[in-house]
Amino acid sequence: LTASLPGMTALRVLDVGHCGLGDEGSAALLDALPAAGLRELNLSGNSAGSGALRALGRAAERLGSLESLDLSFNYQAPQGFGPALAPLRRLRRLTLMYCELDDDSTAVLAREGLARLEGLEMLDLSNNHRINQRGWRQLARGLGARGRASLRVLVLAECFGLNRGGLAALLGAPLASLRVLGLWSLRDPEACAVLEAALSEGRLPALRLLHLEDTPLRRELATALRGTSVEEMEVFGGGTVAPAAAGALGAALAHMPRLRKLDVLAGGPNVNPDAVAAGHDALAAALAAGARAAAP
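What counts and how
- Residues numbered from 1 in each chain as written.
- Predicted model: local features only at pLDDT ≥ 70, side-chain atom pairs only at ≥ 80, totals over all residues.
- Heavy atoms only, no water.
- 1 Å grid on protein atoms, 1.4 Å probe; cavity = no way out; pocket = protein on both sides within 12 Å on 5 of 7 lines; lining within 4 Å.
- Points joined across faces, edges and corners; volume = space filled by probe spheres on them.
- Helix = DSSP H or I, 4+ residues; strand = E, 2+ residues; numbered from the N terminus.
- Nonpolar A, V, L, I, M, F, W, Y, C, P; charged D, E, K, R; others polar.
- Core = buried A, V, L, I, M, F, W, Y, C linked by side-chain atoms within 4.5 Å.
- Buried < 20%, exposed > 50% of the residue type's maximum accessible area, 1.4 Å probe, protein only.
- Contact = heavy atoms within 4.5 Å.
- pLDDT = per-residue confidence, 0-100.
- Axes fitted to C-alpha atoms, helices over the stretch in contact; angles between N-to-C directions.
- Parallel < 35°, antiparallel > 145°, perpendicular 65-115°, else oblique.

Colleague: Any chance you could explain empty space enclosed by the protein here in plain terms?
Modeller: Gaps left between atoms show up when a probe the size of a water molecule is rolled over them. Considering all chains together, one arrives at 1 cavity of 30 Å³ or more under this definition. If you add up the space inside the largest cavity, you get close to 40 Å³. At the level of elements, helix H7 (189–200) and strand S8 (209–216) are the ones that each hand at least two residues to the lining of the largest cavity. The residue inventory of the lining of the largest cavity, partitioned by class, reads 6 nonpolar, 1 polar and 2 charged.

Colleague: Help me understand the nonpolar core, please; the structure alone is not making it clear to me.
Modeller: As a rule of thumb, nonpolar side chains are buried together in soluble globular proteins. Core analysis: the biggest nonpolar cluster contains 83 residues, and Leu 69 and Leu 123 have the highest contact counts within it. The element contributing the most residues to this core is H7, with 6 residues. In this view, Leu 123 contacts Leu 94, Leu 114, Leu 139, Leu 143, Leu 151, Val 153, Leu 154 and Val 155; residues no more than four positions away in its chain are not counted.

Colleague: What am I meant to see in the confidence of the model for the chain here?
Modeller: Close inspection of predicted coordinates is inappropriate for parts of the model with low pLDDT. Mean pLDDT for the chain: 87, with 86% of residues reaching 70 or above. Ranking the helices and strands of the chain by mean pLDDT puts strand S3 (residues 68–70) first, with 98, and helix H10 (residues 273–294) last, with 57. Note that pLDDT drops below 50 for residues 268–273; the model gives that stretch 2 contacts with residues more than four away or on any other chain.

Colleague: Before we go on, may I ask you to explain the packing of helix H1 (residues 22–31) against helix H2 (residues 50–58) in this structure?
Modeller: The angle between the axes and the distance between the axes are what describe a pair of packed helices. Packing of H1 against H2 leaves a shortest axis separation of 7 Å and a crossing angle of 10°. The angle between the axes of H1 and H2 places the two elements in the roughly parallel class. Taken together, the residues of H2 that come into contact with H1 (itself represented by Asp 23, Ser 26, Ala 27, Leu 30 and Asp 31) are Ser 50, Gly 51, Ala 52, Ala 55, Leu 56 and Arg 58. Grouping the constituent residues of the contact of H1 with H2 by class yields 5 nonpolar, 3 polar and 3 charged.

Colleague: Mind showing me how you'd approach the packing of helix H5 (residues 133–143) against helix H6 (residues 164–171) here?
Modeller: Packing of H5 against H6 brings their axes to within 8 Å, and their N-to-C directions diverge by 0°. Between H5 and H6, the crossing angle belongs to the class labelled roughly parallel. Taken together, the residues of H6 that come into contact with H5 (itself represented by Gln 133, Trp 136, Arg 137, Leu 139, Ala 140 and Leu 143) are Gly 165, Gly 166, Ala 169 and Leu 170. In the contact of H5 with H6, the residues fall into 6 nonpolar, 3 polar and 1 charged.

Colleague: In this structure, what is going on with unusual backbone geometry? I would like to understand it.
Modeller: The backbone of Tyr 98 shows a phi angle near 50°, a positive value even though the residue is not glycine. Accessibility expressed as a relative area gives 34% for Tyr 98, which makes it partly exposed. Of note, the phi angle at Glu 158 is positive, near 55°, even though the residue is not glycine. If you trace the backbone, Glu 158 turns up in the loop between strand S6 (153–155) and H6.

What follows is the structure in C-alpha cells.
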C-alpha cells in the first residue's frame, strides 16, 4: 500500500482503521500519502504512537485538504496529539475515543491543537476516563479560543471524570452553534444540574439532538427541556422511571413542538422488570397527557 499511495492523487478517503499497522507502519503510511486531495483519514486502532504523530506533522502540507481525522484507540503517545493536529487548519471533524487522555495531555491538545483549528465542527472524546476537572477546563479554553463558535457536535460518552466544574466550563464556552450533544453516563447529580441550567437558560439555542443514554432521567432535566428546540432525544430511566420525572417529561412535551424522536431506555442485568413496567406505565400516561396538551 505504501508503494502505491504516492501515485493515488485522486484519493479522497482512506480508512485503515484497526489494521494492525503499529507505530512504524502508521508512520510509513503517513509518509507515503499523495501530495494533496485527501479529505478523510481513519487511523484508529493501529497502536499509532509518537512516530506516527511526528509523521502526521511532516505530512501536514500534503494534508492541507483534510477535513476528517479519526485517531481513536491509539493511546501510546497522547501528549503528541496537540502538536500533530495544529497544522491541519481545514480539519472539521476530529475523533479521539479511547486515547487515554489525561489532564496534562488534554491541556496540550487544547492549547496546541484545538485552539488553532478555527473551523472544527465535530469533536468526539468519548471513553477518555482519565480527564478530570483541570483537563476539561483547559479543553473549554481551547474550544473558546478567539471567540470561535463553530462547534456543532460534541460527544463525551462515558467520560467518567466529567464533573460539575468540568461541564460548567465546557458549557460556558461559545456553543451557540452546537446541534448535537452526547453525554452518555453523566451520573454526577451536580453535573446534571449544570446541563439543566444551560438548557433552561437558553445557552444551547441551536441544540437539536440530545443523547443522554445511561444518564438517569431526572424531574429537573425534564422540566429544563420545556421550550427548547430539541428534535431528537435519548434518555435513560435508570431501571425505573420515577413518576415525578415521567410527569415532568410528559408536561414538557406540550412545550417541545420540534421533538420528532424520543427514546426512553430502561434495562440492565439488575433491573426489576416489574418496576420497569410500572415506570413505563407512568411514563406512557404522562406522555399521553402531554401529547393531548400539545395537540392543536
